[in-house]
Amino acid sequence: MTTIVVAMGEKNEIGFDNKLLWHLPTDLKHFKDLTSGHPIIMGRKTYESIGKALPNRTNIVISRKKNWFEEGILIVGSIKEALKFAKKIDENIFIIGGGKIYEQTIDMADKLEVTLVKADLEADTFFPKIDMAIWKKTEETCHEKDEKNQYDFCFQTFERIKTQ
Ligand SMILES: NC(=O)c1ccc[n+]([C@@H]2O[C@H](COP(=O)([O-])OP(=O)(O)OC[C@H]3O[C@@H](n4cnc5c(N)ncnc54)[C@H](OP(=O)(O)O)[C@@H]3O)[C@@H](O)[C@H]2O)c1
């Protein structure tokens, strides 16, 4: 199973200036619960935005740059290579962004784990439109903002109902 994990605003916005748009500790915990113990695939910019390898997961970073190495991550030159290595490690793999990587992988994913943040924010990076002829929302749990989480948000699961 290949799952995309994303947190996006009401206009599919996901980032600005190589940073996230919100601070939602409950979503970070949800992300950790989903991905811990499984390989995660990300673009080089998302890796730089996080700033370190995430623990208890094989971190696979996609980049066209040659000859760079960093402790704790596996660097690959293409999405195909990332998927090949990830599938050798575990059958459940997670694609965690960013925009460039989502664009190129949404058509091959089986599942989307979306956090829909109830906000409309300025952004320079977006998630592709979720085509409801292809995807069906199968689960939704919503949370109201509180002293730790600055916006209302919903965890939504989409499953593929049609192959491309
Ligand atoms: N809200 C969320 O859930 C979420 C999740 C993740 C990220 N984000 C946000 O998204 C933004 C980053 O996204 P982004 O679209 O700018 O960058 P990105 O997708 O994280 O990374 C893009 C980089 O990945 C490499 N790459 C992409 N496609 C490739 C391919 N086919 N073959 C080889 N390498 C490839 C290239 O690296 P090189 O330039 O090194 O060749 C490219 O510059 C940040 O603002 C981040 O905070 C949000």
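All of these numbers come straight from a predicted model, not from anything done at the bench. (Residues numbered from 1 in each chain as written. Predicted model: local features only at pLDDT ≥ 70, side-chain atom pairs only at ≥ 80, totals over all residues. Heavy atoms only, no water.)

Asks: Can you walk me through the nonpolar core in this structure?
Replies: One recurring pattern in soluble globular proteins is that nonpolar side chains are buried together. Counting residues in hydrophobic clusters, the biggest one holds 26 residues, and the most contacted among them are Ile4, Met8, Ile41, Leu112, Phe127, Ile130 and Trp135. Listing elements by their share of this core, those giving two or more residues are β1 (2-8), β4 (59-62), α3 (79-89), β6 (93-95), α4 (99-105) and β7 (111-117). Here the element with the most residues in this core is α3; it accounts for 4 residues. Dropping the residues within four chain positions of it, Met8 is found in contact with Glu13, Ile14, Trp22, Val114, Thr115, Leu116, Val117, Phe127 and Ile130. One finds Phe31, Leu54, Trp68 and Ile96 within the second-largest nonpolar core, a separate group that totals 12 residues. (Core = buried A, V, L, I, M, F, W, Y, C linked by side-chain atoms within 4.5 Å. Buried < 20%, exposed > 50% of the residue type's maximum accessible area, 1.4 Å probe, protein only. Helix = DSSP H or I, 4+ residues; strand = E, 2+ residues; numbered from the N terminus. Contact = heavy atoms within 4.5 Å.)

Asks: Whenever I open this one, the UniProt feature "domain: DHFR" (unreviewed entry) in the chain confuses me. Can you help?
Replies: Taken from the UniProt record, the annotation "domain: DHFR" (unreviewed entry) applies to residues 1-160. Summarising residues 1-160: 22% helix, 32% strand, and an end-to-end C-alpha distance of 11 Å. (UniProt positions renumbered as here; feature names shortened; annotations may be inferred.)

Asks: Help me out: how do you make sense of helix α1 (residues 25-35) in this one?
Replies: Owing to its 3.6 residues per turn, the α-helix aligns residues three or four sequence positions apart on the same side. Those residues of α1 lying buried are Asp27, His30, Phe31, Leu34 and Thr35. Take α1 and look down its axis: the buried residues cluster within an arc of 115°, on one side only. Exposed side of α1, more than 90 degrees from the buried face: Lys29 and Asp33 are the residues found there. Residues of α1 that are buried sit in contact with β1, β3 (40-43), β6, β7 and β10 (153-160). (Arc of directions from axis to C-beta.)

Asks: So what exactly am I meant to see when it comes to the sheet that holds β4 here?
Replies: The strands making up a sheet are joined through hydrogen bonds of the backbone, oriented either antiparallel or parallel. Spatially, 8 strands are ordered β5-β4-β3-β6-β1-β7-β10-β9 in an open sheet, and the strand pairing comes out mixed. Only two strands of the sheet have a single partner each, and these edge strands are β5 (73-76) and β9 (135-143). Direction aside, neighbouring strands of the sheet carry axes that sit 25° apart on average. As paired elements, β4 and β5 share 4 bridges and run parallel to each other. If you follow Val61 over to β5, its bridge partner there is Ile75. Strands β1, β3, β4, β5 and β6 of the sheet are contacted by α3, whose axis makes an angle of about 170° with β4. (Pairing = 2+ DSSP bridges. Axes fitted to C-alpha atoms, helices over the stretch in contact; angles between N-to-C directions.)

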